[in-house]
Amino acid sequence: MDSDTYQAIMKLRNYLRVAQDMGYSWAWVDAHCMDKTNAVELLESISSMFEWYSNAAITVVYLADVQNSSETQLLASDWFQRIWTLQELLAPRAILLFNSDWTPFRRWECHNRNDKCDSRMLELLEKASRIDKESLRNFRPNVDMAREMLAWASGREATRKEGAGYGLMNLFGVRLRVDYGEREGAFGRLLLKIYERTKNPSLFDWTSNGNSLSSSPVNSAFPAHPSCYRTPSNSITASVQSIPNISPTPLQVTCSVYNIQKIKPNNGVRYFQTNQWDVTATGFEPLQVHPTDIEEYRERSEYALVLACQRVKSAEAKSSFRPMLLEKNKDGTYRRIPTTIPITAIPHTSFLERLVTPISKIRRKTETITIL
C-alpha cells in the first residue's frame, strides 16, 4: 500500500469515528461516495453537492496542514485556497474544523457544535476566506452578487481547469454540462450563463492575470480564470497552458461605444518590460492601457472603448468609469483586448467641469454589439 492510499484510508476512518462519536449513523464523503466513471452519476453528484452540504446536520472540515489549533496556520491553510471547498464553506448551516491530528480546532460542547456560531471562529473564517460574516452564515445560491462571489473565488485553484466552472456553478444556481476535457471552457460557459440571466456588466470588470491566454476561449469578454477578478495588486498567475479549440460563443451586449481616434504603443515603456498603449478617444482625456500581450496591437485595426449599460442607472453622475478595450473584426463583431491594469476613462473637460458634468452628456447613443 502506497503512502497516499494509506493516508486516504486513515482520513476516512478518523472521519467516521468523529461522526460516530457525535452520535450520527450516516456519513458522506465526496472522495469515496461518487462514481467518477459514470458520467450521469458524476453530473448528478456535482450538481447536488450544495444541496447535500446545506441539508447536512454537520459538515466536518479536516485541515491537514493545521496543528495545535494555530490561528496563523488556519489563515494560511490550503483548504481556503481550493475552489471546490468554497461551497463546502458556504452551504452548511453548521461546520466543525479539525486539526491534522483530528482534535477539534475549537473546544465545544453539544449545545454549541457549530463553528459558524462562535464569534472568534467566525472572525477567523471571514479573514481566511475574505467573505463577510453574514454570507458565511446565511448564504443562498444567487446571481445578484455575481461579481462579489467571483472575487471570493479569485484566490482559489482547482486541480483540473474545469473545476473553476463545475466547482462554482452551484453557488449561482446554474447547471452546466460536465465535459472534462474542455479546460477553461467550463468557467467561460458559467460566466456566459450568468450574464445571459442577469445582463450584469460587472462581469466585464476584470483584468488580466499576466498570462497571454487570460481571455476565455468561450468569449473574449470574459476571463479564462477566476484569478482575473482580483485587484491587480493581489492578482495571481494561473497556470494556463494550451486550451482546446473552442469556437467562441457570440455575446450580444447593449452598450455605449466610444471611437478611438489614435492608439499607439509606447516604445519607451516597452523598454522597461511593460506594455502600454497611449490612447486618444473621442470626448476623453488622453489615457493609457496596458495590454497583456504587446503583440495584440495591429496598426490598421479599428479599436473602441465600450461601456456596458447598467441595469439600474446610478443617481449620482460619476466623473470617470472603467470601459473595455475592443478590437473590431472584419465581420463587424468585436473581441476584447485583455489588460493587466483597469482602464480609467475621464471626460475631456476642465477640472471644475469634470466635477459636475455627467458622463451621460458625452456618451454616445447606446447600441447592441456582438463580442466573440
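Residues numbered from 1 in each chain as written. Predicted model: local features only at pLDDT ≥ 70, side-chain atom pairs only at ≥ 80, totals over all residues. Heavy atoms only, no water.

A.B. asks: Describe the overall build of the protein, naming the residues involved and giving the relevant values.
C.D. replies: Summing up its helical and strand segments, the protein has eleven helices and nine strands in all. When the 372 residues of the protein are sorted by exposure, 47% land in the buried category. Across the protein, contacts joining residues at least 24 apart in sequence account for 62% of those joining residues at least 6 apart. Surface exposure of the protein reaches about 19,300 Å², of which carbon and sulfur atoms provide 49%. (Helix = DSSP H or I, 4+ residues; strand = E, 2+ residues; numbered from the N terminus. Buried < 20%, exposed > 50% of the residue type's maximum accessible area, 1.4 Å probe, protein only. Contact = heavy atoms within 4.5 Å. Areas by Shrake-Rupley, 256 points an atom, 1.4 Å probe, with all protein chains shown as cover.)

A.B. asks: Before we move on, can you summarise empty space enclosed by the protein with the specific residues and values?
C.D. replies: All told, the structure shown has one cavity of 30 Å³ or more when counted by the stated rule. Put simply, the largest cavity is a space of about 30 Å³. For the largest cavity, the full set of lining residues is Ile-83, Glu-157, Ala-158, Arg-160, Lys-161, Ala-164 and His-225. Grouping the amino acids of the lining of the largest cavity by side-chain chemistry returns three nonpolar, one polar and three charged. (1 Å grid on protein atoms, 1.4 Å probe; cavity = no way out; pocket = protein on both sides within 12 Å on 5 of 7 lines; lining within 4 Å. Points joined across faces, edges and corners; volume = space filled by probe spheres on them. Nonpolar A, V, L, I, M, F, W, Y, C, P; charged D, E, K, R; others polar.)

A.B. asks: Lay out the pairing of strand E4 (residues 277-281) with the relevant residues and their values.
C.D. replies: Judged by which residues are buried, E4 turns out to be one-sided: Trp-277, Val-279 and Ala-281 face inward and are buried, whereas Asp-278 and Thr-280, on the alternate face, are not. Judged from the five bridges that link them, strand E3 (residues 251-265) and E4 form a sheet pairing that is antiparallel. Of the residues in E4, the one forming a bridge with Ile-260 is Ala-281. Pairing of E4 with strand E5 (residues 287-289), which is carried by three bridges, proceeds in the antiparallel orientation. Opposite Trp-277, over in E5, you have Val-289 as the bridge partner. (Pairing = 2+ DSSP bridges.)

A.B. asks: Would you mind going over the nonpolar core in detail, with residue names and values included?
C.D. replies: With 70 residues, the main nonpolar core has Leu-97, Leu-168, Leu-171, Phe-172, Leu-190 and Phe-204 as its most contacted residues. In terms of residue count, helix H9 (residues 185-198) provides more of this core than any other element does, seven residues in total. With residues up to four places along the chain from it excluded, the contact list for Leu-168 reads Ile-83, Leu-86, Ala-153, Gly-163, Phe-187, Leu-190 and Pro-226. In this structure, Val-279, Leu-287, Val-289 and Ile-343 belong to the second largest nonpolar core, which totals 16 residues. (Core = buried A, V, L, I, M, F, W, Y, C linked by side-chain atoms within 4.5 Å.)

A.B. asks: Report on a nonpolar patch on the surface, specifying residues and quantitative values.
C.D. replies: A surface patch of nonpolar side chains, about 340 Å² in accessible area, is lined by Met-1, Tyr-6 and Ile-9. By secondary structure assignment, the location of Tyr-6 is in helix H1 (residues 3-21). According to the relative accessible area criterion, Tyr-6 is partly exposed, its value standing at 44%. (Patch = residues over 30% accessible without salt bridge, like charges linked within 9 Å, V, L, I, M, F, W, Y side chains within 5 Å. Salt bridge = Lys/Arg side-chain N within 4 Å of Asp/Glu carboxyl O.)

A.B. asks: Talk me through the packing of aromatic side chains; I want residue IDs and the actual numbers.
C.D. replies: All told, the structure shown has 13 aromatic pairs when counted by the stated rule. Geometrically, the ring pair formed by Phe-50 and Phe-139 is edge-to-face, given 6.0 Å between the ring centres and 65° between the ring planes. Placement of Phe-50 in helix H2 (residues 39-55) and of Phe-139 in the loop between helix H6 (133-138) and helix H7 (146-153) is noted, with a sequence separation of 89 residues between them. Phe-139 matches Phe-50 in its accessibility class, with the two residues each being buried. Seen in terms of ring centroids, Trp-79 and Phe-80 are 5.1 Å apart; in terms of plane orientation they differ by 90°. Their pairing is edge-to-face. With relative accessibility at 3%, the residue Phe-80 sits in the buried group. Within the aromatic cluster, the residues linked to one another by ring pairs are Trp-28, Trp-52 and Tyr-53. (Phe/Tyr/Trp six-rings, centres within 6.5 Å; stacked < 30°, edge-to-face > 60°.)

A.B. asks: Give a description of the layout of surface pockets that names residues and reports values.
C.D. replies: Taken as a whole, the largest pocket holds about 1,500 Å³ of empty space. Along the wall of the largest pocket there are 45 residues; nearest its centre are Val-29, Asp-30, Ala-31, Tyr-53 and Glu-88. Elements represented by at least two residues in the lining of the largest pocket include exactly H1, H2, strand E1 (59-62) and helix H4 (85-90). Grouping the amino acids of the lining of the largest pocket by side-chain chemistry returns 29 nonpolar, seven polar and nine charged.

A.B. asks: Before we move on, can you summarise the side chain of Ser-77 with the specific residues and values?
C.D. replies: Counting through the fold element by element, Ser-77 comes out in the loop between helix H3 (71-75) and H4. For Ser-77, the side chain forms a polar contact with the side chain of Asp-65, separated by 2.9 Å. Discounting residues that sit within four places of it in the chain, Ser-77 has contacts with Leu-63, Asp-65 and Val-66. (Polar contact = N/O pair within 3.5 Å; in protein donor to acceptor, adjacent residues only side chain to side chain.)

A.B. asks: Mind laying out H7, listing which residues take part and the relevant values?
C.D. replies: The buried fraction of H7 is high, at six of eight residues. Buried within H7 we find Ala-146, Arg-147, Met-149, Leu-150, Trp-152 and Ala-153. Against the buried residues of H7 lie H4, H6 and H9.

A.B. asks: Give a description of the confidence of the model for the protein that names residues and reports values.
C.D. replies: Within the protein, residue pLDDT values average 84, and 81% of them lie at 70 or more. Confidence drops under a pLDDT of 50 for residues 232-243, and excluding neighbours within four residues, the segment shows 28 contacts in the predicted structure. Predicted confidence for residues 311-318 stays below pLDDT 50, and this span has six contacts to residues more than four positions away or in other chains. (pLDDT = per-residue confidence, 0-100.)

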